[in-house]
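# Chains, contacts and geometry: an overview
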Amino acid sequence: METVLNLMLIRFGLIAAGLVVLALLAFAVALHFKRRGRLDDVRRYADPALKAALRAATRRLDGARGGTSSPRRPDGCR
């Protein structure tokens, strides 16, 4: 039992460390673009992609819950 708990703790630590590294990397990239004066351009290009990704995630979660957020029938037709 102790071995399983140790493995779970190590896994949690690795996931947390990975998230911290990703956050630092995103911050560094944003800071780089801000210093170059290109942050507004990046926002303009990234905004539609982010909105599309959020819509897709929302559709996926609604489908997993059994909700019908889209007007499509189960056979895929409208």
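This write-up is about the structure you can find in this document. (Residues numbered from 1 in each chain as written. Predicted model: local features only at pLDDT ≥ 70, side-chain atom pairs only at ≥ 80, totals over all residues. Heavy atoms only, no water.)

## Examining the overall build of the protein chain
Looking only at helices and strands, the protein chain features 2 helices and 0 strands. Among the 78 residues that make up the protein chain, the fraction classed as buried is 3%. Surface exposure of the protein chain reaches about 7,400 Å², of which carbon and sulfur atoms provide 65%. (Helix = DSSP H or I, 4+ residues; strand = E, 2+ residues; numbered from the N terminus. Buried < 20%, exposed > 50% of the residue type's maximum accessible area, 1.4 Å probe, protein only. Areas by Shrake-Rupley, 256 points an atom, 1.4 Å probe, with all protein chains shown as cover.)

## A look at a nonpolar patch on the surface
A contiguous nonpolar patch, built from Ile15, Leu19, Leu22, Leu25 and Val29 and spanning about 490 Å² of accessible area, is present on the exposed surface. Residue position: Leu22 is located in helix H1 (residues 2-36). (Patch = residues over 30% accessible without salt bridge, like charges linked within 9 Å, V, L, I, M, F, W, Y side chains within 5 Å. Salt bridge = Lys/Arg side-chain N within 4 Å of Asp/Glu carboxyl O.)

## Overview of the pattern of salt bridges
Across all of its chains, the model carries 4 salt bridges by this definition. The closest approach of N and O atoms between Arg44 and Asp41, which form a salt bridge, is 3.5 Å. Taken as a pair, Arg44 and Asp41 lie in helix H2 (residues 39-65) at a separation of 3 residues, close to a single helical turn. Under the relative-accessibility criterion, Arg44 is labelled exposed at 52%. Through salt bridges with shared partners, a single ionic network connects Arg38, Asp41 and Arg44.

## Structural notes on the packing of aromatic side chains
The tally for this structure, following the rule as stated, stands at 0 aromatic pairs. If you follow Arg44 out to its NZ or CZ, it ends over the ring of Tyr45, 5.2 Å from the centre. (Phe/Tyr/Trp six-rings, centres within 6.5 Å; stacked < 30°, edge-to-face > 60°. Lys NZ or Arg CZ within 6 Å of the ring centre and 35° of its normal.)

## Quick word on H2
Helix length check: H2 (27 residues) gives 37 Å between terminal C-alpha atoms against 39 Å at 1.5 Å per residue, within 8%. The largest bend in H2 is about 35°, located at Ala46, with the proline Pro48 one to four residues further on. In the segment just after H2, Gly66 is the residue with positive phi, at about 95°. (Expected span 1.5 Å × (residues − 1). Bend = angle between axes of the 7 residues up to and from the residue.)

## Quick word on H1
Residues spaced three or four apart along an α-helix point in a common direction, a consequence of the helix completing one turn every 3.6 residues. Between the first and last C-alpha of H1 there are 51 Å, a value that for 35 residues agrees with the 51 Å anticipated at 1.5 Å per step. The buried fraction of H1 amounts to 0 of the 35 residues, a small share that puts the element mostly on the outside. The positive-phi residue at the C-terminal boundary of H1 is Gly37, with phi of around 80°.

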